[in-house]
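Summary of the model geometry
Each chain, letter by letter, is given below.
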Amino acid sequence: MLSSGIASRTRLGAAVLLLALACGGEAPEERAAVPSAPPPPAATAEDRPAPESALAPLPDGDLFAEVSAVAGLDFVHRNGMSGRFYMPENMGAGGALVDWDGDGDLDLYLVQGGPLAGGVQPGDRLYRNRLEEGELRLEVAGDGGVVARGYGMGVASGDYDNDGDVDLYRTAFGPNQLLANRGDGTFEDVTAAAGAGDERWSVPALFFDYDRDGWLDLFVGNYLDFTIARHRPCTTAAGAPDYCDPEVYGAVPDRLLRNRGRGADGTVAFEDVTAAAGLDAAYGKALGAVAFDADGDGWLDLYVANDGTPNQLWRNRGDGTFEDEALFAGCAVNGDGLSEASMGVDAADMDGDGDFDLVMSHFAGETHTLYENDGSGLFDDVTARSGLAASSLAANGFGAGWRDVDADGVLDLVVVNGAVRALEALVMAGDPYPYAQADQFFRGLGGGRYADASDRVGAAFVAPAVSRGALFGDLDGDGGVDLVVTVNHGPARLFVNRAARGRPWVGLRLLLGTPPRDALGARAALLRPGRPPRWQRLATDGSYASAHDPRIVFALDRDAADGELALRVLWPDGSAERFTGLVAGRYNVLHQGGGEGELISSSQ
């Protein structure tokens, strides 16, 4: 019997297809055959992660320790509240965990807001991590030469010019900026020269090599057609002024920029291929985006999470074009056929079966939604049986990500929350900014099931705030997933992982090219004798308006930590290699071409 999610998806897809045919349209063409990576071995029900009773118990004490003040994180976001309730004011901002100074540890870039209608702009802030001195300590490094030109929203990270230094793309209400890393601790605004600008209200962006030519391309997601001149007054149910719902404004198209590589004059520039690649065929109110291989054909697909409008799954056809198959794949709308207020998004193998699933955070009154991939790129809404539904109904989720916080080998889910419409209880209590909510931690139980374990994370983590970005990465180099939470009109917060301390792990940094750069889009599988491989993707995208640690960490059980560790890597160009001799308890640097190559046939 079909589940309700599959049944509703099938009926909806069939209805649309029949309508298209009746109107003279055609069924979607079959994608051209392209060389593909062999599909990951599927896990049987018996192979999948064990139920809760077999998981390692959570360690005593809080899973996270809030160390913002001790570590030197003193950033305070200012949204420039004008009393006019301009919509961008309560939508920002994110940041990036990125090794911008090239010393091997994660530094921090935080995006600032400021007054929308003129006035002094406070500017973004860079922090340098002084971990090499023996402890996590963030040192203010100023603005790195960045002169912010728009009202900041988010940031994407990647080495777009292949010079070995990580660059940034800053999204904004107003002009976006491409910031080239000079390699000396400063950045240069090269937006105009690179042809990477966008004057609209952009929130998500990501770098990915969709055409496998060795140069990172750029996707920019745009939100609403709001402008100061078109601002409309909105109110609460009681008639008080408040921020508007997104339904008040229309959507604007996204952009896909293809990296043309280095020209004769030495400039690395982009060309707008939105129409040529087919991405002008559909768009919504974009707030999140991830690039991952949804169907296992070896080419990176693109998923765009939209606020209150259907999401897009852009299937990469391998010839420079994409086709939106979200409706037919079951991930355009939820299992009831409804669009949701998608904000945060992530893609990971949450159930251990070798393919990449999707999760999205949503508006209060909806649930966070989990789409399970069947291995062929078809998805089923499994939110109800996952255990997420009831616990997420009251939350207004933004940044979200799957990470193994407790280092038990099963992915957990972190969602940070903050309202966009005034909360009546806080209004009645006289709160001057009544939008704060508690963040949430859902412990992975295995097999795609979760339990709300927010009470185990720590009082500081669940202290109400207007949270927006969730930035994931190992800031102190111990193999545990740490977390930076950005707060709208409030102080950013730094949480160091305590749960993973003392548990065995192995870390990976996957590099390609000369000079070496992070292999964004690669996939890695930890090979375990007699057990299915555990897959992760190398990415800095996802969550909300933020960029993350590009390194991969696998938690290990004691037996695996003492035995030989082997890894299989599928590189962004479609090649595959096997690596052995990995060392537990450290980050292993692996270069493309340094392992044992594998043949990949186009028939696989």
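Structure first, text after, so check above.
Since this is a predicted model, take the numbers as computed values, not measurements. (Residues numbered from 1 in each chain as written. Predicted model: local features only at pLDDT ≥ 70, side-chain atom pairs only at ≥ 80, totals over all residues. Heavy atoms only, no water.)

Assigned secondary structure in the protein consists of 9 helices and 39 strands. Here the protein holds 604 residues, and 60% of them are scored as buried. Counted over contacts in the protein with a minimum sequence separation of 6, partners at least 24 positions apart contribute 60%. Total accessible area on the protein stands at roughly 22100 Å², and carbon and sulfur atoms take up 53% of it. (Helix = DSSP H or I, 4+ residues; strand = E, 2+ residues; numbered from the N terminus. Buried < 20%, exposed > 50% of the residue type's maximum accessible area, 1.4 Å probe, protein only. Contact = heavy atoms within 4.5 Å. Areas by Shrake-Rupley, 256 points an atom, 1.4 Å probe, with all protein chains shown as cover.)

Time to look at the sheet that holds strand β10 (residues 202-208). Paired through their backbone hydrogen bonds, the strands of a sheet run either parallel or antiparallel. Taken in spatial order, the 4 strands line up as β10-β11-β14-β15 in an open sheet, and their pairing is antiparallel. The sheet is open, and its two borders are formed by β10 and β15 (268-272), each paired with just one other strand. Strand-to-strand twist across the sheet, computed as the mean angle between neighbouring axes with direction ignored, equals 25 degrees. Of the pairings in the sheet, the one linking strand β14 (residues 255-262) to β15 comprises 4 bridges and is antiparallel in character. (Pairing = 2+ DSSP bridges. Axes fitted to C-alpha atoms, helices over the stretch in contact; angles between N-to-C directions.)

Our focus in this paragraph is the side chain of Asp355. Along the chain, Asp355 falls in the loop between β20 (345-348) and β21 (357-360). A relative accessible area of 9% means that Asp355 is categorised as buried. In this structure the side chain of Asp355 is engaged in a polar contact, spanning 2.9 Å, whose partner is the backbone nitrogen of Gly375. Beyond its immediate stretch of four places on either side in the chain, Asp355 contacts Ala348, Asp349, Asn373, Asp374 and Gly375. (Polar contact = N/O pair within 3.5 Å; in protein donor to acceptor, adjacent residues only side chain to side chain.)

Further remarks concern the pattern of salt bridges. The final tally for this structure, using the stated rule, is 29 salt bridges. A salt bridge links Glu271 to Arg258; the nearest nitrogen and oxygen atoms lie 3.2 Å apart. In this pair, Glu271 is assigned in strand β15 and Arg258 in strand β14, connecting sequence segments 13 residues apart. One salt bridge connects Arg315 with Glu325, and the closest N-O pair in it is separated by 3.1 Å. A residue pair is termed long-range when its members are at least 10 positions apart, and Arg315 in strand β18 (residues 312-316) and Glu325 in the loop between β19 (322-324) and α4 (326-329) qualify at 10 residues. Put simply, Asp101, Arg128, Arg130 and Glu139 are held in one network by salt bridges that share partners. (Salt bridge = Lys/Arg side-chain N within 4 Å of Asp/Glu carboxyl O.)

Consecutive side chains of a regular strand alternate in pointing toward one face of the sheet and then the other. Buried residues dominate strand β33 (residues 523-528), accounting for 5 of its 6 residues. Strand direction decides the pairing type here: β33 and strand β34 (residues 531-537), joined by 5 bridges, are antiparallel. Following the sheet pairing, Leu526 is matched in β34 by Arg534. Linkage of β33 to β34, two consecutive antiparallel strands, is achieved through a turn of 2 residues, within which Gly530 is found at a positive phi near 75 degrees. Direction of pairing for β33 relative to strand β36 (residues 566-570): antiparallel, over a ladder of 5 bridges. Bridged to Ala524 within β36 is Val569.

This brings us to the side chain of Arg468. Mapped onto the elements, Arg468 comes out in strand β28 (residues 467-473). Put simply, Arg468 is tucked away with no salt bridge, and the nearest opposite charge, on Asp439, sits 8.3 Å away. One polar contact links the side chain of Arg468 to the main-chain carbonyl oxygen of Asn90, over a distance of 2.6 Å. Here Gly418 takes part through its backbone oxygen, which lies 3.1 Å from a polar atom of the side chain of Arg468. (Lys, Arg positive; Asp, Glu negative; His and termini not counted.)

Before going further, it helps to examine the state of the cysteines. The final tally for this structure, using the stated rule, is 1 disulfide. A disulfide bridge connects Cys234 with Cys244, and the sulfur atoms are separated by 1.9 Å. Measuring the twist about the S-S bond at about 95 degrees, one finds the Cys234-Cys244 disulfide to be right-handed. Of the two residues, Cys234 sits in strand β12 (residues 234-235) while Cys244 sits in the loop between β13 (241-242) and β14, which places them 10 residues apart along the sequence. Cys234 sits in the buried class, given a relative accessible area of 17%. Judged by its relative accessible area of 5%, Cys244 falls in the buried class. (Disulfide = S-S within 2.5 Å.)

Throughout the structure, instances matching the rule amount to 18 aromatic pairs. Among the aromatic residues, those joined into a cluster by ring pairs are Tyr86, Phe173, Trp201, Tyr223, Phe226 and Tyr249. Lying across the ring of Tyr249, Arg232 places its NZ or CZ 6.0 Å from the centre. Directly above the aromatic system of Phe398 lies the positively charged group of Arg468, at a separation of 4.0 Å from the ring centroid. (Phe/Tyr/Trp six-rings, centres within 6.5 Å; stacked < 30°, edge-to-face > 60°. Lys NZ or Arg CZ within 6 Å of the ring centre and 35° of its normal.)

Strand order in this open sheet of 5 strands is β34-β33-β36-β37-β39, and the pairing throughout is antiparallel. Each edge of the open sheet carries a strand with a single partner, namely β34 and β39 (596-598). Between one strand axis and the next, the sheet turns by 25 degrees as a mean value, whatever way the strands run.

What follows concerns the nonpolar core. Counting residues in hydrophobic clusters, the biggest one holds 37 residues, and the most contacted among them are Phe207, Leu510 and Leu567. Contributing elements (two or more residues each) for this core: β8 (177-181), β10, β11 (217-222), β15, β31 (505-512), β33, β35 (552-555) and β36. Ranked by the residues each element gives to this core, the list is headed by β31, at 4 residues. Shared between two domains, this core holds at least three residues of each, these being domain 1 (64-497) and domain 2 (505-597). (Core = buried A, V, L, I, M, F, W, Y, C linked by side-chain atoms within 4.5 Å. Domains from an automatic or database assignment.)

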